Amino acid sequence: VQLQASGGGLVQAGGSLRLSCAASGRTFSSYSMGWFRQYPGKEREFVIAVSRRGGYIHYADSVKGRFTISRDNAKNTVYLQMNSLKPEDTAVYYCAAKFASSYGVNRDASEYDYWGQGTLVTVSS
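Residues numbered from 1 in each chain as written. Predicted model: local features only at pLDDT ≥ 70, side-chain atom pairs only at ≥ 80, totals over all residues. Heavy atoms only, no water.

## Thoughts on the environment of Asn83
Step number 1: In this structure, Asn83 sits in the loop between strand E8 (77-82) and strand E9 (91-99).
Step number 2: The residues touching Asn83, leaving out its near neighbours within four places in the chain, are Gly15, Ser16, Arg66 and Phe67.
Step number 3: Among the polar contacts listed, one links the side chain of Asn83 to the side chain of Ser16, at a separation of 2.9 Å. (Helix = DSSP H or I, 4+ residues; strand = E, 2+ residues; numbered from the N terminus. Contact = heavy atoms within 4.5 Å. Polar contact = N/O pair within 3.5 Å; in protein donor to acceptor, adjacent residues only side chain to side chain.)

In structure tokens, the structure reads:
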């Protein structure tokens, strides 16, 4: 599976941005999908993840109520909708895929099998 993240950019605090992650291959629905972010000099941290069919979602506490995740298995794409953005959301965002059971949702980056290249989100104050 190859993942291509897009949609990053510069936005003012309080604004919104939607990231997309397009996957290659015909087995996209076999993977749970997650978004992680990374600050300079820090390890990647979990943001949000969704199960194979979209029925289960896990959120990091820091984004709960502001970020949502959705997926379109027909288009092999997962989306991260980010609202009420804060300067502390500034980071490189990565999408990731994990071969999973129907209900599996993972917060641990080490559990993921494939990663996209990352897209930079910058939130100005």
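So, next bit.
## A few points about the side chain of Asp89
Step number 1: You can see Asp89 is positioned in the loop between E8 and E9.
Step number 2: Of note is the side chain of Asp89, whose polar atom sits 2.9 Å from the side chain of Arg37.

## So, unusual backbone geometry
Step number 1: Within the chain, Asn76 stands out as a residue other than glycine whose phi angle is a positive 55 degrees.
Step number 2: Checked against the element boundaries, Asn76 lands in the loop between strand E7 (67-72) and E8.
Step number 3: With a relative accessible area of 16%, Asn76 lands in the buried category.
Step number 4: A positive phi angle, near 50 degrees, is found at Ser84, a position not held by glycine.
Step number 5: Note that Ser84 resides in the loop between E8 and E9.
Step number 6: A residue is classified by how much of its surface remains accessible, and Ser84, at 41% relative accessible area, is partly exposed. (Buried < 20%, exposed > 50% of the residue type's maximum accessible area, 1.4 Å probe, protein only.)

## As for the state of the cysteines
Step number 1: Taken as a whole and judged by the stated rule, the model has one disulfide.
Step number 2: Here Cys21 engages in a disulfide with Cys95; their sulfurs sit 2.1 Å apart. Every disulfide takes its handedness from the sign of the S-S torsion; for Cys21 and Cys95 that torsion is 60 degrees, giving right-handed. Of this pair, Cys21 sits in strand E3 (residues 17-23) while Cys95 sits in strand E9, placing them 74 residues apart in sequence. Comparing Cys21 with Cys95 shows no difference in burial state: the two are buried. (Disulfide = S-S within 2.5 Å.)

## What to know about the nonpolar core
Across soluble globular proteins, nonpolar side chains have a tendency to be buried as a group.
Step number 1: Core analysis: the biggest nonpolar cluster contains 34 residues, and Met33, Trp35, Phe67, Val78, Leu80, Met82 and Tyr93 have the highest contact counts within it.
Step number 2: Of all the elements in the fold, those that place two or more residues in this core are strand E1 (3-6), E3, strand E4 (31-38), strand E5 (45-50), E7, E8, E9 and strand E11 (119-124).
Step number 3: Here Met33 is in contact with Leu3, Cys21, Phe28, Ile48, Ala49, Val50, Ile69, Arg71, Val78, Ala96, Ala97 and Tyr112, once residues within four sequence places are set aside. (Core = buried A, V, L, I, M, F, W, Y, C linked by side-chain atoms within 4.5 Å.)

## Focus on the pattern of salt bridges
Step number 1: Tallying each qualifying case throughout the model produces four salt bridges.
Step number 2: The shortest N-O distance in the salt bridge between Asp89 and Arg66 comes to 2.7 Å. Of this pair, Asp89 sits in the loop between E8 and E9 while Arg66 sits in the loop between strand E6 (57-59) and E7, placing them 23 residues apart in sequence. The two residues Asp89 and Arg66 agree in class, both being buried.
Step number 3: By sharing partners, the salt bridges in this structure join Arg37, Glu45, Arg66 and Asp89 into a single network. (Salt bridge = Lys/Arg side-chain N within 4 Å of Asp/Glu carboxyl O.)

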